[in-house]
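Residues per chain, in single letters:
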Amino acid sequence: MVKIAPYGTWTSPIGAADVAALGGTPQWVGLVGGRPWWALPKPAEGGRLALCRLTGDGRVEEVLPAPWNARNRVHEYGGRPWLAIGDRIVFTHWDDQRWYVFDANGPADPKPISPAPAREQGLRYADPAASPDGTELWCVRESVTGDRPTDVERHLVAVPLSGAAADDPAAVRVLAGSHRFLTGPRPSPDGRRVAWLGWNHPAMPWDGTELCVADIAADGTFGPHRVVAGGPAEAVCQVDWDGDALLALTDPDGWWNLFRVDPTGTGPAVNLAPTPAEIGGPMWQLGHRWFTPVGNDRYAVVSDGRLALLDATAGTVMDMAGDMTGDLPMWQAELVASGDALFGVAGSATRDAAVVRVDLAGGTTTELTPQPAGMPDPAYLPTPRARTITDAAGQSVPAYLFLPANPDFQAPDGEAPPLLVTVHGGPTGAFTPRFNASIAYFTSRGFAVAGVNYGGSTGYGREFRERLLGQWGVVDVADCAAVAEALAAEGTVDGQRMAVRGGSAGGWTSAASLTSVRTYRCGTVMFPILDATGWTADGGETHDFESRYIENLIGSLPEHADRYAERSPALHADRLAGPVLLLQGLEDEICPPVQADEFVAGLHGTGIPHAYLTFEGEQHGFRKAESIKAALEAELSFYGQVFGFTTPGVPTLELQH
């Protein structure tokens, strides 16, 4: 029998512990002997990144037992951490950040091949490739040179697979150091040339990058590089070879499209299939693959989350893999092909992401990894509804709306649900309608959730992405508020019970919203940026990769100091529209706890209800099952106390005043 109960008070079979157990999305797919291998997060094991493979009889097998953790911290967000070179598997281990190697055909007995760093995790590596002769690992090396977050150098280096460098750092060869930031080198199949991407402060990789090509000498050294594509207002996000052809995803026309580039730099780049859609995305991590060659001048591509086939001869991009499991699959940038088989990672609104095989000849799609044991019944999962809200200035703001979904409950007549506006991070990122157990945790209890792709989000072209330049803390705040207020005005949600929530840059927007508009009753601010001045190269409160990001988002100092002061939530706690919950990892190098600590200290004695939970051993974002569980339960209790309803089954969060 369906029970009548107010929104927010519904009981749900989706517990916080269940959400935590579902935190393992396959990533970094590659092929070994034609079979897929991938990395898989293990929330129950402290967020360890395990290496898995598909066996000949179709079983999923974990290759590296604990405590091996195939993860690295290049740019602090990490990059591709493993590679097969023949029968040898190389991977980075989190604890010391060194490269290790083992035989793919035997029990894993990893041996280090890169030198031990002089300081803890002082040498980091990512985005590997094999040298043309197969004797070396070519990759990005990040070297910590001092105590400041910006004391970092990066080079392309060659690490001998023999292990000679494990005890002799001089055995590592420096190949190039063209820019402050670099992607891994990609040698051409004939071994004559090598390509990579580079960029310098203050640009981020979605602002402007340069595609570099160098000739490879007989002794394996690189000649002088030449820039063959990209520039200050053109961002190349992936480069690869298809035989002698150099291919790049770049956006000179405002959209990431696939181009054939002359490796000599003398001829024009040719757009293989011009389309006003994004084939590509922001390089927050090194080594993602939005395209891969599949033969006959054709390329599998991820276009706006869909799998498509780009035919360079016809100049077309056509959707490729159709319905897998009853709803539209959404693909990640993890494509790799072998013969007539394409492998990647795909999920949907009702199915968790899985490693997937596409038969290019027959068109069939097969999930190779099973759905998690704790996957919720689809009846408790919300259906994403694409919405576009027009703000007061006539600007379109895309969003996804998730309404309450629980077959066991119904709200009293005339009641509208409370709304949680979820702000994605980045801010150069995007909210996608893939299965999200955290959203289902709330919607199955009677909350509505709106994921807003505010100006600055990716997936809508460069013009939309650049709406945020100089306007961070203004456009993002206004767009999120416009969506919330429109949903309230039409009666879809309760305008008196709306909250804003987000982490990292989403934490900034959430806090800035609470201190600049009166749309929300409360908010949850996770591992946030709160003082823009501290989040600069001179402020010293963030890492090198993003230390000058804010110059484009707000403006340079000192000439725009007034913007920094006006928009920083840390300076305006007295303006808070309502109670606030802060969640922070204590080992976060991207948004260190100092800003949250100071913000909370300033709230004591103000009478503003607040709570501050910190998590030992967590970096940027929560990876441990116990942290994820505690954070979700705290959020639920917090909203219940603010909105005035009971939240059964979770501990009561103690609020300070």
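Residues numbered from 1 in each chain as written. Predicted model: local features only at pLDDT ≥ 70, side-chain atom pairs only at ≥ 80, totals over all residues. Heavy atoms only, no water.

> Can you help me understand the overall build of the protein chain in this one?
When you go through the protein chain residue by residue, the secondary structure sums to nine helices and 40 strands. Against the compact-globule benchmark of 26 Å for 657 residues, the protein chain has a radius of gyration of 24 Å, which places it among compact chains. Expressed along its principal axes, the backbone C-alpha trace of the protein chain runs to roughly 75 × 60 × 50 Å. Counting across all 657 residues of the protein chain, residues that qualify as buried make up 60%. Looking at the protein chain alone, contacts between residues at least 24 apart form 58% of all its contacts between residues at least 6 apart. Entry remark: accessible area of the protein chain is about 23,700 Å², with carbon and sulfur atoms responsible for 49%. Considering the protein chain, the positive charge centre built from 47 side chains and the negative charge centre built from 78 side chains are found 2 Å apart. (Helix = DSSP H or I, 4+ residues; strand = E, 2+ residues; numbered from the N terminus. Rg over C-alpha atoms; globule rule 2.2 N^0.38 Å. Buried < 20%, exposed > 50% of the residue type's maximum accessible area, 1.4 Å probe, protein only. Contact = heavy atoms within 4.5 Å. Areas by Shrake-Rupley, 256 points an atom, 1.4 Å probe, with all protein chains shown as cover. Lys, Arg positive; Asp, Glu negative; His and termini not counted. Charge placed at Lys NZ, Arg CZ, Asp CG, Glu CD.)

> Would you take a moment to explain the sheet that holds strand β24 (residues 298-303) for this structure?
Remark on secondary structure: sheet strands pair via backbone hydrogen bonds, oriented parallel or antiparallel. Spatially, four strands are ordered β23-β24-β25-β26 in an open sheet, and the strand pairing comes out antiparallel. A strand with exactly one partner marks an edge of an open sheet, and here the two such strands are β23 (291-295) and β26 (316-319). Averaged over all adjacent pairs, the angle separating strand axes in this sheet is 30 degrees, with direction ignored. Bridging between β23 and β24 involves four bridges; their strand directions are antiparallel. Across the sheet, G295 pairs through a bridge with R298, a residue of β24. (Pairing = 2+ DSSP bridges. Axes fitted to C-alpha atoms, helices over the stretch in contact; angles between N-to-C directions.)

> Teacher, can you tell me more about the side chain of S188 here?
You can see S188 is positioned in the loop between β15 (186-187) and β16 (193-199). A residue is classified by how much of its surface remains accessible, and S188, at 6% relative accessible area, is buried. Here the side chain of S188 touches D190 through a polar contact of 2.6 Å, side chain to side chain. One polar contact links the side chain of S188 to the main-chain amide nitrogen of R192, over a distance of 3.4 Å. Those residues in contact with S188, other than ones at most four positions away along the chain, are R193 and W241. (Polar contact = N/O pair within 3.5 Å; in protein donor to acceptor, adjacent residues only side chain to side chain.)

> How do you make sense of the pattern of salt bridges when you look at a structure like this?
Pairing between side chains becomes possible if they bear opposite charge and their charged atoms approach one another. Evaluation of the coordinates by the stated rule reveals 35 salt bridges. Of the charged contacts in the structure, one is a salt bridge between E62 and R48, with a shortest N-O distance of 2.6 Å. With a gap of 14 residues between them, E62 in strand β5 (residues 60-62) and R48 in strand β4 (residues 48-54) connect regions that are remote in the sequence. Note on E62: relative accessible area 32%, which makes it partly exposed. For R501, the salt bridge goes to E635, with nearest N and O atoms at 2.8 Å. Placement of the pair is R501 in strand β37 (residues 498-504) and E635 in helix α9 (residues 625-643), with a sequence separation of 134 residues. Classification of R501 by relative accessible area gives buried; the value is 10%. Assessed through its relative accessible area of 2%, E635 is described here as buried. Residues participating in the shared-partner salt-bridge network are R73, E76, R124, E142, R154, R180 and D544. (Salt bridge = Lys/Arg side-chain N within 4 Å of Asp/Glu carboxyl O.)

> What is the right way to read the pairing of strand β32 (residues 385-390) from this model?
A regular strand places its side chains on the two faces of the sheet in alternate fashion. With six bridges joining them, β32 and strand β33 (residues 396-402) adopt antiparallel strand pairing. In the strand pairing of β33, T388 is matched with P398.

> Help me understand α9 in this model?
An α-helix turns once every 3.6 residues. As a result, residues three or four positions apart point the same way. Helix length check: α9 (19 residues) gives 27 Å between terminal C-alpha atoms against 27 Å at 1.5 Å per residue, within 8%. The buried count for α9 comes to 15 of 19 residues, which makes it a mostly enclosed element. (Expected span 1.5 Å × (residues − 1).)

> Hey, could you run me through the packing of aromatic side chains in this one?
For any pair of aromatic rings, geometry is given as the distance between the ring centres together with the angle between the planes. Under the criterion given, the structure shown has 35 aromatic pairs. Judged by centre distance (5.2 Å) and plane angle (70 degrees), the ring pair of Y77 and W284 falls under edge-to-face. Taken together, the residues Y77 in the loop between β5 and β6 (82-85) and W284 in the loop between β22 (270-271) and β23 connect sequence positions 207 residues apart. Note on accessibility: Y77 and W284 belong to one class, buried. Summarising the aromatic geometry, the rings of Y639 and F643 are spaced 6.2 Å apart at their centres and angled 15 degrees between planes, so their arrangement reads as stacked. Taken together, the positions of Y639 and F643, both in helix α9 and four residues apart, correspond to about one turn of that helix. For the pair shown, Y639 and F643 are each scored as buried. (Phe/Tyr/Trp six-rings, centres within 6.5 Å; stacked < 30°, edge-to-face > 60°.)

> Is there a simple way to explain the pairing of strand β36 (residues 448-452) in this structure?
With five of its five residues buried, β36 lies for the most part within the structure. Where β33 lies against β36, four bridges are found, and the strand directions are antiparallel. Looking across to β36, one finds that F402 is bridged to V449.

> How do you make sense of the side chain of N72 when you look at a structure like this?
With respect to the secondary-structure elements, N72 resides in the loop between β5 and β6. A polar atom in the side chain of N72 sits 2.9 Å from the backbone nitrogen of G79. At a separation of 3.3 Å, a polar atom in the side chain of N72 contacts the main-chain carbonyl oxygen of Y125. Filtering out sequence-adjacent residues up to four positions away, N72 remains in contact with G78, G79, R80, P81, T92, W94, Q97, Y125 and A126.

> How do you make sense of the sheet that holds strand β12 (residues 152-160) when you look at a structure like this?
With antiparallel pairing, four strands are arranged side by side in an open sheet as β10-β11-β12-β13. Across the chains shown, the open sheet's two edge strands, defined by having one partner strand only, are β10 (123-130) and β13 (173-176). The mean angle between the axes of side-by-side strands here comes to 35 degrees, regardless of whether they run parallel or antiparallel.

> Explanation requested: the nonpolar core in the structure shown.
In globular proteins that are soluble, nonpolar side chains generally tend to be buried together. L211, F222, W472 and Y520 are the most contacted members of the largest nonpolar core, which has 117 residues in total. Top element by residues in this core is helix α4 (residues 475-489). It accounts for seven residues. Apart from the residues within four sequence positions on either side, F222 is in contact with W138, L156, L175, A176, P185, V194, W196, A214, D215 and I216. Of all hydrophobic cores here, the second largest spans 42 residues; its members include I14, L381, I628 and V642. (Core = buried A, V, L, I, M, F, W, Y, C linked by side-chain atoms within 4.5 Å.)

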